[in-house]
Amino acid sequence: MSGIDQSKIRNFCIVAHIDHGKSTLADRIIEKTGLLTSREMQDQVLDNMELERERGITIKAQTVRTVYTARDGQEYIFNLIDTPGHVDFNYEVSRALAACDGAILVVDAAQGIEAQTLANVYLALDHDLDVFPVINKIDLPSAEPQRVKDEIEDVIGIEAQDAPLISAKNGIGIEDVLEKIVEKIPAPTGDASAPLKALIFDSVYDAYKGVIIFCRLMEGTVQKGTPILMMATGATAEVVEVGYFGAGQFIPCEELSAGMVGYITASIKNVKDTAVGDTVTNAKNPCSEPLPGYKKVNSMVYCGLYPSDGAKYPDLRDALEKLKLNDAALNYEPETSIALGFGFRCGFLGLLHLEIIQERLEREYNLDLVTTAPGVVYRVYKTNGEMIELTNPSNLPDPAEIDYMEEPIVSAEIMVTKDYIGSIMELCQERRGVYIGMDYMEETRALLRYELPLNEIIYDFFDALKSRSKGYASFDYEIKGYEHSELVKLDILVNREEVDALSFIVHKDSAYERGRRMCERLKEEIPRHLFEIPIQAAVGGKIIARETVKAMRKDVLAKCYGGDITRKKKLLEKQKEGKKRMRMIGNVEIPQKAFMSVLKLDEK
Amino acid sequence: MKRRVGIYIHIPFCRKKCNYCDFLSFPLEETKPEETQSKTKKSAYLKALCEEIRQSHSRLKDCVADTVFIGGGTPSLLSGEEIEELFDELRSCIPLSEDAELSMEMNPGTARPDRLAAYRRAGINRVSVGLQSACDKELELLGRIHTFAQFEQTYAMLRESGFSNLNVDIMSALPFQSMETYAETLERVAALKPEHISAYSLIVEPGTPFYDRFAEGEGQNALPDEETDRRMYAYTTEYLKERGYHRYEISNYARDGFACRHNLKYWQMEEYIGFGLGSASYFGGKRYKNTEDFGTYLSAQGRDEKREETALAREEEMEEFMFLGLRTMRGVPKKAFYDRFGVQMCEVYGSVIDKYVQSGLLVSDSCLRLTDAGIDVSNTVMADFLLSVSV
């Protein structure tokens, strides 16, 4: 396949706010370029994980190559690199963008620009991508294409008057988009005779081929037999196969050269060796320096995952191992909880990532899990000068040994209509936000900027934002850094025994409120026992809240009428079955869902 | 020696369904229009019932019945003749022992003097009268069809007719019931000196009007709280004890020699045969259960296919033997357990027994039995004796 004319290649991605129709447009592009017939199209070919399709979001960046015969009679190769839409996967987005030469900005004709639209388009502009807008959902009754065009020009400052007006869902205006891709997205440049320099923007593990590296060749060529070096991780291998991406399949080819997007396999056993953002070069003839922008991805959110059935611990370990093969951002290490037994402390990019992993473990690996409250990584500076990164509240050193603590802070941008500015500001205050500024996008909408502690937004901030703005607010954030904070460990005692799996770190000003709500919630979850059970919240040994589960006084079977024993026996069996889903803490049985209920303190 | 069994006969009819009742019964009056003749429905049922009894003849050929219990529903809706026919059928199928306890249930709203004589003639020697409360307001709330005065008349009639073994059913923990009204019920009933008193604590069952009204939300507040409920229970035991009634099962009290022998068979896992709609049997190591569907029951005409059959595995038999036996105040005799299963009780249940003896819910000597504290939470204790569910 060498000898492809670089001027006939278009490498691009689509950026959009969630739900503005990115994946649908991708489907239409694939369909119209004739790679697949309409009949072969499943909805949203790119989102091939079951979970992605169900949630309507893209988790891992996917990519596809199609061939388009343009109005000028020439055939163009389109490499469409799909990017994840969620803030948790910001780094993946930025690497996918780095693999492109241009981007299509999709904006909903009714909703206009949203927080993620801005975040993603700025990210694209930061990568020097040429961005052209399309206005989607123009067939909606509430569509205001002209207003949205003006808004794009005013707010983002890119030309929008000739933006294609389309309905990706109904296939309106797709031809215009295809022509615009040819016209507006620049062809790649790069010297095919220079040493190999390729950007890894994703990788997946395949049981037969090992790791499949998704890359964009910036310079040079690669083929079967090329010795390769991953410049950041230092891993080396010999290429077994190169190729490009069909829709949902890998199509091998002879060679990849500068400007092309494709894949490399090299019998690599570990996804860790092929970090996203790393540069692949020829081990014998390396390029002088790697591509910029490589970052080691750190887990931001941690929680404990335990099998409901202790005997399933090895199954959970195997499942995590397998998921890890495909997900370098997932971290885990074994831990033991007095309450929950053997499990793993797992690190994630964010709460969505956590939820996805949890759901995949439950669905694909058929595991029943108990999850502890997610927390962020705190930095604990000890009086002896040592600093530890705390991922499990139970490991917090004795307060006497702690000099001070720091917590991660994010810079958040919230776009909200005028009517809800007040209630959103209030929400941010409640979550210890620091007001940075506000810009009006247009008369009715503003962009609020806040700095917020990450631990205040990982649980339910997004839900609270939606409910307090009747769904009109959108939100995006990035990690700013660590700041000093007055943090305390909140312990929960059930029948005077501390339950390690329920402990968490909280700002001292929120401790009382959180403790009180925890106790209330646990009181609802813990069934009555033969004795009274106090539930207490404590900070540093001092009780700050208490509830009591009253003793059960009456649990008597009605008469066994007419000798029908079976029915009554079933009642007893049900009662005993119920205990299976319980964890023993001292002599108290705590239902497994109680451990999860702490995640939902704001629900009423 | 002949095999001794108990006989249960189910009469699923009542005049009006009570508001708390989830038993298998339905009002005769509310039959479909084409069956307005309630007699037709009743006689069709009795015909099928007699057919069922007849067909079990061979199965019961080496047996003798030493207890018969006619329950419902309201068996006293049957005429004297109907009861007599039923007993004739029964006697021609299985001999009744000379000292047999022959019980039937009676609703005070349905008793008629002419019928009582016929019941006596049929052989009935024990009558269980469903009173539930001595407070008319409570009776109305329960949806009973009688007043306390009517009950008193029925009771007097029964005594006049020569019934010397009477039970009265009463209930505690009723909505809006207070300790005072309950004590009054207890007092008035005890004053009549029945041989036996069954005192149940109300359980609000799903599918009843009571459930809709009192199971959830505001309605729950009408029910006495658990403390009051338990005080009522303790008071019952104490009050009746002073008047010569001993508690021999969680909810049953009798003067000496008047414990209900039929019900004891259930709790001691002796054999019994049930006839009629939805009735249950325990016979030859198996449990049987008749269909609960009226139409199916009629069309089966006593044939076997309408019956569910479950052979009890040894473990199942053990657990039932335990949780049923624990309902009695004597408890489960360890020797009886060994004789039946060939293994010591403590080998099977050692750890459960230790746990509850330690927490004061069980007493273990030659028998294993619940303490007063154990009775209050007996479900919790009994559930732990199930072997088929491992935790």
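Cut-offs used in this document
- Residues numbered from 1 in each chain as written.
- Chains lettered and ligands numbered in written order.
- Predicted model: local features only at pLDDT ≥ 70, side-chain atom pairs only at ≥ 80, totals over all residues.
- Heavy atoms only, no water.
- Helix = DSSP H or I, 4+ residues; strand = E, 2+ residues; numbered from the N terminus.
- Buried < 20%, exposed > 50% of the residue type's maximum accessible area, 1.4 Å probe, protein only.
- Contact = heavy atoms within 4.5 Å.
- Areas by Shrake-Rupley, 256 points an atom, 1.4 Å probe, with all protein chains shown as cover.
- Buried area = accessible area lost by both parts, 1.4 Å probe.
- Salt bridge = Lys/Arg side-chain N within 4 Å of Asp/Glu carboxyl O.
- Polar contact = N/O pair within 3.5 Å; in protein donor to acceptor, adjacent residues only side chain to side chain.
- Nonpolar A, V, L, I, M, F, W, Y, C, P; charged D, E, K, R; others polar.
- Expected span 1.5 Å × (residues − 1).
- Pairing = 2+ DSSP bridges.
- Axes fitted to C-alpha atoms, helices over the stretch in contact; angles between N-to-C directions.
- pLDDT = per-residue confidence, 0-100.

S.K.: It is not clear to me how the overall build of chain B should be interpreted in this structure. Could you clarify?
M.R.: Looking only at helices and strands, chain B has 15 helices and 17 strands in total. Looking at chain B residue by residue over its 391 residues, the buried ones come to 59%. Residue pairs in contact within chain B that sit at least 24 positions apart in sequence constitute 70% of those at least 6 positions apart. Just so you have it, chain B exposes about 16300 Å², and 49% of that area is on carbon and sulfur atoms.

S.K.: Just checking my understanding: could you explain the interface of chain B and chain A for this structure?
M.R.: One frequent convention defines the size of an interface as the accessible area lost when the parts assemble. Taken together, the 45 residues of chain B in the interface contact 28 residues of chain A. Between chain B and chain A lies a buried interface of about 3500 Å² when both sides are counted; carbon and sulfur atoms form 56% of it. On the surface where chain B and chain A come into contact, there are eight salt bridges. Asp-564 of chain A serves as the salt-bridge partner of Lys-289 of chain B, at 3.3 Å between the closest nitrogen and oxygen. Summed over the shared surface of chain B and chain A, the result is 15 residue pairs in polar contact (both at pLDDT 80 or more). When contributions to the side of chain B that touches chain A are tallied by element, the ones reaching two or more residues are β4 (63-72), β8 (196-201), α8 (226-242), β13 (286-290), α11 (314-325), α14 (372-376) and α15 (378-383) of chain B. Partitioned by chemical class, the residues of the side of chain B that touches chain A number 21 nonpolar, eight polar and 16 charged.

S.K.: Which parts of the structure should I look at to understand α11 of chain B?
M.R.: Counted at 1.5 Å a residue, the expected span for α11 of chain B with its twelve residues is 16 Å, and the 16 Å between its end C-alpha atoms agrees. Burial analysis of α11 of chain B places nine of its twelve residues in the buried class, the great majority of the element.

S.K.: Please clarify how the side chain of Asn-282 of chain A should be interpreted in this entry.
M.R.: All names here are of chain A. Tracing the backbone shows Asn-282 in strand β15 (residues 279-282). There is a polar contact of 2.9 Å between the side chain of Asn-282 and the backbone nitrogen of Lys-284. With sequence-adjacent residues up to four places away left out, Asn-282 is seen in contact with Leu-196, Thr-226 and Pro-227.

S.K.: Please clarify how the sheet that holds strand β16 (residues 362-364) of chain B should be interpreted in this entry.
M.R.: Paired through backbone hydrogen bonds, the strands of a sheet run either parallel or antiparallel to each other. Residue and element names in this part refer to chain B. Spatially, the three strands line up as an open sheet ordered β15-β17-β16, and their pairing is antiparallel. In this open sheet, the two edge strands, each paired with only one partner strand, are β15 (332-333) and β16. In the packing of helix α13 (residues 345-358) onto the sheet, contacts are made with β15, β16 and β17 (367-370), and the angle to β16 comes to roughly 130°.

S.K.: Explain the confidence of the model for chain A to me, please; I cannot follow it from the model alone.
M.R.: Parts of the model with low pLDDT should not have their predicted coordinates read in detail. All names here are of chain A. Here chain A averages 85 in pLDDT, and 92% of its residues register 70 or above. No element of chain A has a lower mean pLDDT than helix α2 (residues 50-55), which averages 46, and none a higher one than β15, which averages 96. A low-confidence stretch, residues 51-61 (pLDDT under 50), is modelled with 49 contacts involving residues beyond four sequence positions or located in other chains.

S.K.: Whenever I open this one, the sheet that holds β15 of chain A confuses me. Can you help?
M.R.: Residue and element names in this part refer to chain A. Taken in spatial order, the eight strands of this open sheet run β10-β9-β15-β6-β7-β14-β11-β12, and their pairing is antiparallel. Only two strands of the sheet have a single partner each, and these edge strands are β10 (236-238) and β12 (249-253). Going from strand to strand, the sheet's axes swing by 40° on average, the running direction of each strand aside. Alignment of strand β11 (residues 241-246) against β12, held across five bridges, turns out to be antiparallel. Across the sheet, residue Val-242 finds its bridge partner in β12, namely Cys-253.

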